Amino acid sequence: MNASVQTPVAANPAVTVAEPAMMPVPTLATRLRPYAERVLPPVLVVLALGLLWEAAASGAGATLPPPSKVWADAHDLIVDPFFDNGGLDKGLFWHLLASLQRVAVGFTLSAIAGIAVGLLIGTSKLAMRGLDPIFQVLRTVPPLAWLPLSLAAFREAQPSAIFVIFITSVWPIIINTAVGVRNVPQDYRNVAAVIRLRGPAYWWRIILPAAAPYIFTGLRIGVGLSWLAIIAAEMLIGGVGIGFFIWDAWNSSNLSDIIVALFYVGIVGFLLDRLMALVGHLVTRGTATA
Amino acid sequence: MSGNQAFLDISDVTVAFGRSRVPVLNGIDLKIRRGEYISVIGHSGCGKSTLLNVVAGLLDASGGGVVLDGREISGPGPDRAVVFQNHSLLPWLTCYENVRLAVDQTLSKTMSKAERHEWTLENIALVRMTHAKDKRPGEISGGMKQRIGIARALSMKPKVLLLDEPFGALDALTRAHLQDQVMQIHADLGSTVMMITHDVDEAVLLSDRIVMLTNGPNARIGEILEVDLPRPRDRLALVADPRFIAARAAVLEFLHHRHTAPGLAAA
């Protein structure tokens, strides 16, 4: 027993002597190490999944194309997203742009309306009691269920799609804004009271900034839902747009194109989320976590 | 107005919450002279902060009233600036902007924009925070936040400064440092101060009079002690001063002998 206790004690001095000697010369490898530790795992996972996909989709009875076939089929689509042959025969960039424009309009409207209504029900108990139950029911209606109704009301594809985005993304913005307003600390209200900050200035200088982290949480959820809704809505309404591109590719049995489009949809959705987080971080001056 | 007349006159203030029959504070009568430094001391839950909130106008008294400089107060206002216990700085504004907001809000009628800028800087300099004026509250220590809180309160040119356990959340060394600063500011500006505290040494060191509240609910003023120590006061010299020791003993005797903490008495 004694021997086993003594061994690590004897080993220790050797380690402590070796370390300071290493410190002054950071090799290229040690400097790149932190980056490698971040970049390598996702790269390896993607490679592994790609290989798995290749193996699974290469068999005789496979219904989906393997990555190699996707690359061969959709080479032009992947390499050049900017071509425009007129009509619906455009590069993915143009389809994404059309979808993003719809999201921009619909989401802007829902941000304005959502924050306004959220401020109202966050402030007024009466408004909350009246509106909250209705919102709780409406927000569970799936985006596409609104589409027939909005087509009937607007009789045109474009405003209908924008309405679907609006009605999908407005609920989390309303609810988070209301929670944010209700959670403004009493301390800040006291400060405002002592310096007699009232009316619009009170809202602008105290309530909105204090609720901003919550509001941006709502906006972030909202922009994600908008992107989900627009893809689905475009499949049904047609025209230029990434949703319809996917539907069109399905109708012409062009599975490789669909897979490429899915990658783009995912990446754009991710970028929208990060963008919203970044805006939130800048606007709240770091009080909201990005 | 003569010097003897009450500058801040708290008369028969009673506060009861909701439908509770027993009031938190019962018939508080207190007259404070201009330039006087008053401490209100008592055990936790005795309603000291409630009293301060009534004077600040953040809380309505159920009975009685408060007259400041010949005018009955109604609602909060910058003439009774509060330094809150937890500093209450707005985290999205820098230190400068926190003070500037109060200055803009309370002095825009009497000062030009340039004057307000200068006045803001002057008050930040008064609490020796010029070096950190562009930092946000999240980036500075608790003591620094409290100093900015004091600068913000002073910048409103209040008639009376209300301090709600301003140093309660600070470590002992920082607290001593801030107490010295507040003493200096009080000496320089001649402010009228009402401070809530539960620290006996702090009360004796800073105050002209110490108001001792009995245990709540139904708290009233148990005793008022005149602290007859010449100013400026030096904390090191006072440690051995018999008048300091006597005052300290009187407050301790009130708090721990005659009005033991309710929780401790039960235990």
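Per-chain numbering applies: the sequence of each chain, read as written, is numbered from 1 onward. All chains are assigned letters beginning at A, and all ligands numbers beginning at 1, according to the order in which they are written. Side-chain atom pairs in this predicted model are given and counted only at pLDDT of 80 or more, local residue features only at pLDDT of at least 70, and totals for whole chains, interfaces and linings cover all residues. As a convention, hydrogens and water are excluded, and side-chain values are obtained from all of the structure's heavy atoms.

1. Examining the sheet that holds strand E3 (residues 37–41) of chain B
Two modes of strand pairing occur in sheets, parallel and antiparallel, and in both the strands are linked by backbone hydrogen bonds. Residues and elements named next belong to chain B. Between any two strands, at least two bridges found by DSSP are needed for them to pair. Helix and strand definitions here come from DSSP, where helices need a minimum of 4 consecutive H or I residues and strands a minimum of 2 consecutive E residues; each element is numbered from the N-terminal end. The strand order across the open sheet built from six strands is E6-E7-E8-E3-E9-E10, with neighbouring strands paired in mixed fashion. In this open sheet, the two strands that pair with only one neighbour each are strand E6 (80–83) and strand E10 (221–226). Averaged over all adjacent pairs, the angle separating strand axes in this sheet is 20 degrees, with direction ignored. In the sheet, E3 pairs with strand E9 (residues 209–213) via four bridges, with the strands oriented parallel. Paired with Ile38 across the two strands is Arg209, which belongs to E9. On top of the sheet, helix H4 (residues 142–155) reaches E6 and strand E7 (160–164); it is set at about 175 degrees to E6, its chief contact. To obtain an axis, a line is fitted to C-alpha atoms, over the contacting stretch when the element is a helix, and the angle between two such axes runs from 0 to 180 degrees between their N-to-C directions. In what follows, residue pairs with any heavy atoms lying within 4.5 Å of each other are defined as contacts.

2. Here's the deal with the packing of aromatic side chains
Each pair of aromatic rings taken from Phe, Tyr and Trp, with Trp reduced to its six-membered ring, is defined by centres within 6.5 Å and is described as stacked if the planes are under 30 degrees apart, edge-to-face if over 60, and tilted in the remaining cases. In this structure the tally under the stated criterion is seven aromatic pairs over all chains. Their ring planes at 80 degrees and their centres at 5.0 Å tell us that Phe93(A) and Trp94(A) sit as a pair that is edge-to-face. Each residue's exposure class comes from its accessible area (1.4 Å probe, protein chains only) as a fraction of the maximum for that residue type: buried when under 20%, exposed when over 50%, partly exposed otherwise. Take Phe93(A): its relative accessible area is 32%, and that puts it in the partly exposed class. Measuring from centroid to centroid gives 5.6 Å for Tyr188(A) and Trp92(B), while their planes differ by 85 degrees, and the two rings are edge-to-face. Separated into two different chains, Tyr188(A) in helix H9 (residues 186–194) and Trp92(B) in the loop between E6 and helix H2 (95–107) make up a pair that spans both. For the residue pair Tyr188(A) and Trp92(B), the accessibility class agrees, reading buried in each case.

3. Regarding the environment of Asn53(B)
Residue and element names in this part refer to chain B. Residue position: Asn53 is located in helix H1 (residues 48–56). On the basis of relative accessible area, Asn53 is assigned to the partly exposed category, the value being 23%. For Asn53 and Asp164, which are 111 residues apart along the polypeptide, the C-alpha to C-alpha distance reads 8.9 Å. With sequence-adjacent residues up to four places away left out, Asn53 is seen in contact with Leu58 and Leu59.

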